[in-house]
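Breakdown of the fold
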Amino acid sequence: MERNNSRRQVAALKQFVFDQLIFCISRYEAVIDAYLDGLEASRMNDFSKVSSAAAFYISRVDVTIDKKHEQIATAEALDLRGKVAIAQAVLAYQLYQKKFSGPKWERLEKRGAKKQRLMWTSTNVKNPANPDTLYVGYYLVIQTNVGQPKAKI
């Protein structure tokens, strides 16, 4: 809760807000809400100099979850290896689209607010059985950024 209050205060003071180490949807939603709440709490009329980015980690999610799949060791569980992070990212992007649309967002946008940049980080594949580009192809969507080692591009 303390970190969210700090984010709100920074956003309200015309600063750049960068959040990283986001691994789950609930954390990402709290980051978005803190940014939007900070803008709303600000007395500024012009938000054009305020910006924010959120770094959502990808491959580390699969590393953790894939270990659980391997412990379960059923065909169904093993088939899910390398897929949970992509599914979670789809949900994160849907949340991004929802939060940065509608009446609340439109009011902020009229004052110059920019959408928080959604960044996909840790997109390098950790499991050698998967192709190097497993994650990156899913994330090259409008209004997002992909952190990918140059050698993979």
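Throughout this description, residue numbers start from 1 for each chain and increase along the sequence as written. The model is predicted, so local features are restricted to residues of pLDDT at least 70 and side-chain atom pairs to those at 80 or more, both for listing and for counting; the totals for chains, interfaces and linings are taken over all residues. Just so you know, side-chain values use all the structure's heavy atoms and leave hydrogens and water out.

A short note on the overall build of the protein chain
Selection rule: Secondary structure elements are taken from DSSP: a helix is a run of H or I of four residues or more, a strand is a run of E of two residues or more, and numbering for both begins at the N terminus. When accessible area is computed with a 1.4 Å probe and restricted to protein chains, residues below 20% of their type maximum are described as buried, those above 50% as exposed, and intermediate ones as partly exposed. Residues count as neighbours in contact if any of their non-hydrogen atoms are within 4.5 Å of one another. Residue-level accessible areas treat just the shown protein chains as cover; the underlying method is Shrake-Rupley with a 1.4 Å probe.
Summing up its helical and strand segments, the protein chain has seven helices and four strands in all. Reading the helices (α) and strands (β) of the protein chain from amino to carboxyl end gives α-β-α-β-α-α-α-α-β-α-β. With 153 residues in all, the protein chain has 39% of them scored as buried. In the protein chain, of all internal contacts separated by at least 6 residues, the share reaching a separation of at least 24 is 74%. Here the protein chain has roughly 8800 Å² of accessible surface; of this, 55% comes from carbon and sulfur atoms.

Digging into the packing of helix α2 (residues 25-41) against helix α5 (residues 84-99)
Applied cut-off: Helix axes are fitted only over the stretch in contact, all axes being lines through C-alpha atoms; the angle between N-to-C directions runs from 0 to 180 degrees. Here roughly perpendicular refers to angles of 65 to 115 degrees, roughly parallel to angles under 35, roughly antiparallel to angles over 145, and oblique to all remaining angles. The crossing is said to be left-handed when, going from far helix to near helix, the turn is anticlockwise and less than a right angle, and right-handed when the turn is clockwise. Classification used: nonpolar for Ala, Val, Leu, Ile, Met, Phe, Trp, Tyr, Cys and Pro, charged for Asp, Glu, Lys and Arg, polar for all others including Gly.
Running from N to C, α2 and α5 point in directions that differ by 20°, and their axes come no closer than 10 Å. On the basis of the axis angle, α2 is roughly parallel to α5. As α2 packs across α5, the resulting crossing turns out to be right-handed. For the pair α2 and α5, contact is made by I25, Y28, E29, I32, D33 and L36 and by Q88, L91, A92, L95, Y96 and K99, respectively. Partitioned by chemical class, the residues of the contact of α2 with α5 number eight nonpolar, one polar and three charged.

So, the nonpolar core
Side chains of nonpolar character tend, in soluble globular proteins, to be buried together. We count it as follows: We define a nonpolar core as any set of buried Ala, Val, Leu, Ile, Met, Phe, Trp, Tyr and Cys residues linked to one another through side-chain atoms lying within 4.5 Å.
Y28, F56 and W120 are the most contacted members of the largest nonpolar core, which has 30 residues in total. Elements that contribute at least two residues to this core include exactly α2, β2 (51-57), α5, α6 (102-110) and β3 (117-121). When residues of this core are assigned to their parent elements, the largest contribution, seven residues, is made by α5. Among residues more than four places away in sequence, those in contact with F56 are I22, F23, C24, I25, Y28, Q88, A92, L118, M119, W120 and T121.

Comments concerning unusual backbone geometry
Positive phi values are uncommon outside glycine, yet L21 reaches one of about 60°. Position of L21 among the secondary structure elements: in strand β1 (residues 16-22). Taking relative accessible area as the criterion, L21 reaches 46% and is therefore assigned partly exposed. Despite not being glycine, A73 shows a phi value in the positive range, around 65°.

Some thoughts on the packing of α2 against α6
In the contact formed by α2 and α6, the axes pass within 11 Å of each other and the chain directions differ by 55°. The angle between α2 and α6 falls in the class oblique. Crossing handedness for the pair α2 and α6: left-handed. For the pair α2 and α6, the contacting residues are L36, D37, L39 and E40 in the first and K104, W105, R107 and L108 in the second.

Some words on the packing of aromatic side chains
Applicable threshold: Centres within 6.5 Å make a pair out of two Phe, Tyr or Trp rings, where for Trp the six-membered ring is used; the pair is then stacked when the planes are under 30 degrees apart, edge-to-face when over 60, and tilted otherwise.
Inspection of every chain in the model, using the stated rule, returns six aromatic pairs. Ring geometry for F23 versus Y57: centroids 5.3 Å apart, planes at 40°, classification tilted. Within this pair, whereas F23 is found in the loop between β1 and α2, its partner Y57 is found in strand β2, the two being separated by 34 residues in sequence. Ring geometry for F100 against W105: centres 5.1 Å apart, planes inclined by 80°, an arrangement best described as edge-to-face. For F100, a relative accessible area of 3% corresponds to the buried category.

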